[in-house]
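# Summary of structural features
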Amino acid sequence: MSQKGVNLDDRYFAGLDSGTSTTKAVVIDARKGILGSFVRRSGANLLESAEIAFEEALKRARLNRDDIEYVVATGFGRRSISFADLSKTEISCHSRGCHHYFPEEITVIDIGGQDNKVVKLDAGGRKTSFKMNRKCAAGTGAFLEEMAYKLDVPLHELEDLARKSSKGTELGSFCTVFTATEVLDRIRGGKRLEDIVRGLFSSVAKRILEMDTLTGRVIMSGGVVAHNPIVAEIIGERAKKKVEIAPHPQEMGAFGAALFAAESQAAEPTQENLLPISRR
Amino acid sequence: MTEKKLLRKPIKAAKQLGEVMRDYSYRMDRISKGEEEGKIAWCTSVGPAELLCALDFEVHYPENHGAMLGSTRLAMDYIPLANAIGYSPDICSYLTSDVGCYLKGETPLSRAYPGIDSVPRPDILAYNTNQCRDVREWFEYYGREFNVPVVGINPPHGLREIVPAEIADVVQQMKDLIPTLEEVSGQKFDIDKFRESMRLSRECSELWGHVLGLARNVPSPWTFFDGTIHMGPAVCLRGSQRANDYYQILKAELEERVAEGVGAVEDERFRIYWEGMPIWGRLRALSEQFYELKSCVLVSTYCNSWIFSAFDENRPFESMAQAYTEIFINRSEPVKERYMEKLVEEFKVDGIIFHDSKTCPNNSNSRYGMPQRLEKKLGIPTLTIDADLNDLRMYSEETTRTNIEAFIEQLEERE
Ligand code: SF4
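Here we summarise the structure given alongside this text.

Scoring rules and cut-offs
- Residues numbered from 1 in each chain as written.
- Chains lettered and ligands numbered in written order.
- Predicted model: local features only at pLDDT ≥ 70, side-chain atom pairs only at ≥ 80, totals over all residues.
- Heavy atoms only, no water.
- Near = heavy atom within 4 Å.
- Nonpolar A, V, L, I, M, F, W, Y, C, P; charged D, E, K, R; others polar.
- Helix = DSSP H or I, 4+ residues; strand = E, 2+ residues; numbered from the N terminus.
- Buried < 20%, exposed > 50% of the residue type's maximum accessible area, 1.4 Å probe, protein only.
- Contact = heavy atoms within 4.5 Å.
- Pairing = 2+ DSSP bridges.
- Axes fitted to C-alpha atoms, helices over the stretch in contact; angles between N-to-C directions.
- Phe/Tyr/Trp six-rings, centres within 6.5 Å; stacked < 30°, edge-to-face > 60°.
- Expected span 1.5 Å × (residues − 1).

A few words now on the site of the ligand. Residues in contact with the ligand, as listed here, are Cys92, Tyr94, Gln131, Cys132, Asp134, Val135, Met277, Ile329, Cys360, Asn362 and Leu389 of chain B. Grouping the amino acids of the shell around the ligand by side-chain chemistry returns 8 nonpolar, 2 polar and 1 charged.

Attention now goes to the side chain of Ser95 of chain A. Residues and elements named next belong to chain A. By the secondary structure assignment, Ser95 is in helix H2 (residues 90-101). For Ser95, a relative accessible area of 2% corresponds to the buried category. Every residue in contact with Ser95, bar those within four places of it in the chain, is listed here: Val119, Leu121 and Lys127.

Attention now moves to the sheet that holds strand S7 (residues 116-121) of chain A. Residue and element names in this part refer to chain A. Spatially, 5 strands are ordered S8-S7-S6-S9-S10 in an open sheet, and the strand pairing comes out mixed. Each edge of the sheet is formed by a strand with only one pairing partner; in this case those strands are strand S8 (127-132) and strand S10 (243-245). Adjacent strand axes in the sheet meet at a mean angle of 20 degrees, parallel and antiparallel pairs treated alike. Direction of pairing for strand S6 (residues 106-111) relative to S7: antiparallel, over a ladder of 6 bridges. Within the sheet, the bridge partner assigned to Asp110 lies in S7 and is Lys117. Contacting S6, strand S9 (217-221) and S10, helix H8 (residues 230-239) crosses the sheet at an angle of about 165 degrees to S10.

Another aspect to go through is the packing of aromatic side chains. Residue and element names in this part refer to chain B. Tallied over the full model, the rule gives 28 aromatic pairs over all chains. Aromatic side chains Tyr102 and Tyr142 sit 5.3 Å apart centroid to centroid with 90 degrees between the ring planes, which places their arrangement in the edge-to-face category. Of this pair, Tyr102 sits in helix H5 (residues 93-104) while Tyr142 sits in helix H7 (residues 134-146), placing them 40 residues apart in sequence. Measuring from ring centre to ring centre gives 4.9 Å for Phe194 and Phe317, while their planes differ by 55 degrees; the resulting arrangement is tilted. Within this pair, whereas Phe194 is found in helix H9 (residues 191-213), its partner Phe317 is found in helix H15 (residues 316-325), the two being separated by 123 residues in sequence. Taking relative accessible area as the criterion, Phe194 reaches 0% and is therefore assigned buried. Judged by its relative accessible area of 7%, Phe317 falls in the buried class.

This part takes up helix H18 (residues 397-413) of chain B. An ideal rise of 1.5 Å per residue puts 24 Å on 17 residues; H18 of chain B measures up with 24 Å between its terminal C-alpha atoms. What H18 of chain B keeps buried is the set Thr400, Arg401, Thr402, Asn403, Ile404, Glu405, Ala406, Phe407, Ile408, Glu409, Gln410 and Leu411 of chain B.

Set out below in structure tokens:
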């Protein structure tokens, strides 16, 4: 057994975010710098997906599994990640990650595959309140995917299309299925595709603004804003407030989880956690 | 991650509880089948039960039946049947599950008590809209189905203060029920019997209040989830000695736990207030999740709703009118908030969970900004869960689990 943990530079931690649509892995060192990360589709086997994402992140970090002292899992599938040492909710992990970059009073907006969160943190990073979207997936990544499919536009082209529009088409419905009907109706009514797409992003923004007020500095994370930064702009315009996008927004949950791993009391070098994961 | 084996702390009195509820159900069944003398009244859970007892009715509570449908999750088979005959999925899911169950000609009582194959047939239905109007529509439905009289009390709503004129109005409405009740029961109303049933009910209410109050202890000897089961006699048998005998047994057991410092949740870390209806079909899963999180849900407006402090056998009509009109659900926001503030303090609560029950707006108190006001005033966090009392189509297991877990993480950050 090597004497890991003696030298700060020699201690490594990982966070895994098993989301409904993608799985993210992040490997950090004790100085909280990211050494490697990976994102892949979650698919049906969450554990396998997490294994692969973890391996890929390790490769990028040029580390082996045995080098990792502590793993924290988060996200929808967190309890399926049997090799993790601990699980934490995505609400706490996104918050922890954002607080790392913005150690002040902030509102974190996270738009994920099937859920939205608005979390308020005090300057110490403690949650003062949090909200998750209600039962349905209106205004989440799943909504955009469904609409891209209905409009027959590749998901990654939505952003560019929306940027060609100066005035989005207003879409009124909460419901994804009804919105699809509304969209078809607008197309029949001669509306331009780019205005409709911008309208879809506005509808995502509206769902967020209904959830809570935005106080302090406003920071966004999650996969949707990583690929569609226009959402942050539209939320900002509607709320009349500056809305910033966090670094590596899609990996924020996994990064937060990795920070928890590094900070976990159990991360103190002990006989137990100095054993390679495979032998614990 | 290693799975920790759960150490549950079963309440021994559950055995006696089972017996009390069984005897009650079989007695009604025998009356319903004509094997025993008697009359059956159906009553809302905070309805004029003591008047009915005074006239020797055995009382069936459709809400209790609704809760059985919820906890057995049979509600999910029945709700659609009621929806199909015009009872909307947006109205009380006790109503829709109960009506659906009736349409199908079934009852969960059969599973629990072999030989019972239907709910007891009513001779009369008596409601009180102090809780909501759904109960009236519900009872009117059965009035038409069974062709029996439906009587009720319609008190003023959403009260801040309760003025004497309002009490006088409710007293009059109660007295107006008597001729019909006499006719159906075939008995003359006897004020002394009424006083006696009020006395028994007051005693029941005091005992129930006392056992609930034992959760003030740290650690709490029992949980809200236990309470939702052990409240059966307070709902269904108040006004009779049977309920009071049972609560003496429960009281002794819980007091013993307190004396020995035994908590319902091992290593209790957080103390939670549950506001709103239970999620009947998920009580077990929720109780286990809180147990794992070392958090005890130990006080609720719901269980407390069967404490009727105003009952006084010396002023039976007035005090019953007072007690049934001043209930939490029938009050204004400021009164509700004051009530909760007091409990938060007394029970040393760390956080409040509001259940926003889709089909029971009447008993969902998160809809007019109350959580935000209480957070500010009390300095403790709140969480709102979107679900339903019986209709699990409104329930997302994972979202709820995550919300609760994140809430406990939020409480941890404050430690
Ligand atoms: S108070 Fe709510 S749960 Fe109770 S009967 Fe009325 S609507 Fe149904």
